[in-house]
Amino acid sequence: MNQSVTLSKRAKICMPGGVNSPVRSFNSVDCDPLFFARGEGAYLFDVDGKRYIDYVGSWGPLILGHAHPKVLEAFKTVANNGLSFGACTEIEVTMAEFLCQHIPSLQQVRMVNSGTEATMTAIRLARGKTGRNKFIKFDGGYHGHSDALLVKGGSGQLTMGQPSSAGVPAHVTEDTLVATYNDLSSVAALFEEYPHDIAAIIVEGVAGNMNCIPPTADFLPGLRALCDKHQAIFIMDEVMSGFRMSPGTAQQRYNVIPDLTTLGKIIGGGMPVGALGGKTELMQQLAPTGPVYQAGTLSGNPVAMAAGLTTLQCIFEEEDFYENLEECTSYLLSNMQEIADKHQVPFTYNQAGSMFGMFFSDEDEITHFEQVKNANQDLFKAFYKGMLKEGVYFAPSAFEAGFISNQHNQEILDKTLEAFDTVLQEVGSRL
Ligand SMILES: *Cc1c(COP(=O)(O)O)cnc(C)c1O
């Protein structure tokens, strides 16, 4: 028996499902979960010493790959002075200045410890500012696991077969309105129904928790216009898309200015970090300057700030960082498409910078969540198991996005394509 299986047995006794986050159970691909011992650049090594090319990157944060020397060095230097003070430090100011400098819609930020906290606070702030209770989210949009946002949440929630969650009282979600992603008319209809009750719209910069679906050209600007018309707060949840596809995040790429932005993942560089930000006037509604309460014992933690800030600095130091990443991603995906076509396996993909989605589907273009749900799950499972065997690690679910780091070089991408060819040859021959 291999070490992952042994550990999984131990874990299942002392941890619910043997995991600390549901998707790690590998339930939706019918495999045993992998336990990892080490990461280096684009590679992960499991507890049995097997090496994998990693396209998960800890679900997005590791845009510089695993164990980046500069990030580790900054981390160690700061850690030597103590792990936490629960008081003000210079590095949290530097982080806030950095974020405000690079994201046009930010004048002030509040650091928190996870994406979940960031979006939960953003909703509270929007409600506090507008005095309204209802807000709109999208079917398949995931914004962490706070109660009011646990409605039709995509990814982990989908693959677990729970469209929502037990333990959330109905009255907590009765103000959560759900619209269809990339369908402005579904949003306009909700504003027509509740013209004076909607505090906010919350939307992912690029949908990345129903696999990967970029916004259609008119979608984000259309949401912006609807918010303006009805005096609602426009929240872009950039926990995943933030610094993933362009230096000013998705709002810059798609040319739209939100009122509130939530961040996480990359800005923590692998440490537990989240943030929300917007115009000063709005952000000052938060305690201690305003009436909307929010706090955190470990918020702005110096070690976490060091890992995140150094990650961001490395990105901005490297010339053509985002162009290169995007090119590598296009190279990988367009060649996968050719291989799939060659083996006559139904396949299509989406890409937003270095974030991507693969679909075993006959459709030419995937723009809606319904299409993702209708893709071929059996083909995905066969693909998944085959790739894992070949030493390539993708997210163990057909409802998650993939990510490339700046450590995924030509050789690694070509190795991935070779593995894909081998696996699809086998999968294709069984169709
Ligand atoms: C990951 C994610 C979150 C939740 O962040 P956690 O740090 O896991 O709490 C929220 N929104 C989006 C868009 C995410 O991708």
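Okay, so let's go over this structure. Keep in mind that this is a model prediction, so the values were computed, not measured.

**Let's talk about the site of the ligand**
Surrounding the ligand, one finds Ser-114, Gly-115, Thr-116, Tyr-142, His-143, Gly-144, Glu-204, Asn-209, Asp-237, Val-239, Met-240 and Lys-265. Between an oxygen atom of the ligand and a side-chain N or O atom of Thr-116, the distance comes to 2.6 Å. Asn-209 places a polar side-chain atom, nitrogen or oxygen, 3.3 Å from an oxygen atom of the ligand. Contact with the protein chains covers 83% of the free accessible surface of the ligand, which is 380 Å². Here the shell around the ligand is built from residues that sort into three nonpolar, six polar and three charged.

**Digging into unusual backbone geometry**
Here the bond from Ala-287 into Pro-288 is cis, since omega is 10°, no more than 30 degrees from zero. Among the structural elements, Pro-288 can be located in the loop between helix 10 (280–283) and helix 11 (302–317). Positive phi, normally seen in glycine, also occurs at Phe-243, with a value near 60°. Judged by its relative accessible area of 0%, Phe-243 is buried.

**Description of the pattern of salt bridges**
As enumerated under the stated definition, the model contains eleven salt bridges in all. Salt-bridge contacts for Asp-175 lead to Lys-134; the nearest nitrogen and oxygen are separated by 3.0 Å. Here Lys-134 lies in strand 5 (residues 134–138) and Asp-175 lies in the loop between helix 6 (170–173) and strand 6 (176–179), a separation of 41 residues in the sequence. For the residue pair Asp-175 and Lys-134, the accessibility class agrees, reading buried in each case. Here Lys-373 ties to Glu-370 by a salt bridge, and the two come within 3.3 Å at their closest N and O atoms. Remark: Glu-370 and Lys-373 occur in helix 13 (residues 369–373); sequence separation between them is three residues, near one turn of the helix. Residue classification places Lys-373 among the partly exposed residues on the basis of a relative accessible area of 34%. Using a relative accessible area of 46% as the deciding quantity, one classes Glu-370 as partly exposed. Through salt bridges with shared partners, a single network forms among Arg-224, Asp-228 and Asp-259.

**A word on the sheet that holds strand 2 (residues 43–46)**
Reading across the sheet, the four strands line up as 1-2-3-13 and stay open at both edges, with mixed pairing between neighbours. In this open sheet, the two edge strands, each paired with only one partner strand, are strand 1 (36–40) and strand 13 (392–393). Two strands pair when backbone bridges link them, and strand 2 and strand 3 (residues 51–54) are joined in this way by three bridges, in the antiparallel orientation. Counted as the bridge partner of Phe-45 is Arg-51 from strand 3. Helix-sheet contacts for helix 15 (residues 410–429) involve strand 2, strand 3 and strand 13, and the interaxial angle to strand 3 is about 105°.

So, how was this worked out
- Residues numbered from 1 in each chain as written.
- Predicted model: local features only at pLDDT ≥ 70, side-chain atom pairs only at ≥ 80, totals over all residues.
- Heavy atoms only, no water.
- Near = heavy atom within 4 Å.
- Polar contact = N/O pair within 3.5 Å; in protein donor to acceptor, adjacent residues only side chain to side chain.
- Areas by Shrake-Rupley, 256 points an atom, 1.4 Å probe, with all protein chains shown as cover.
- Nonpolar A, V, L, I, M, F, W, Y, C, P; charged D, E, K, R; others polar.
- Helix = DSSP H or I, 4+ residues; strand = E, 2+ residues; numbered from the N terminus.
- Buried < 20%, exposed > 50% of the residue type's maximum accessible area, 1.4 Å probe, protein only.
- Salt bridge = Lys/Arg side-chain N within 4 Å of Asp/Glu carboxyl O.
- Pairing = 2+ DSSP bridges.
- Contact = heavy atoms within 4.5 Å.
- Axes fitted to C-alpha atoms, helices over the stretch in contact; angles between N-to-C directions.

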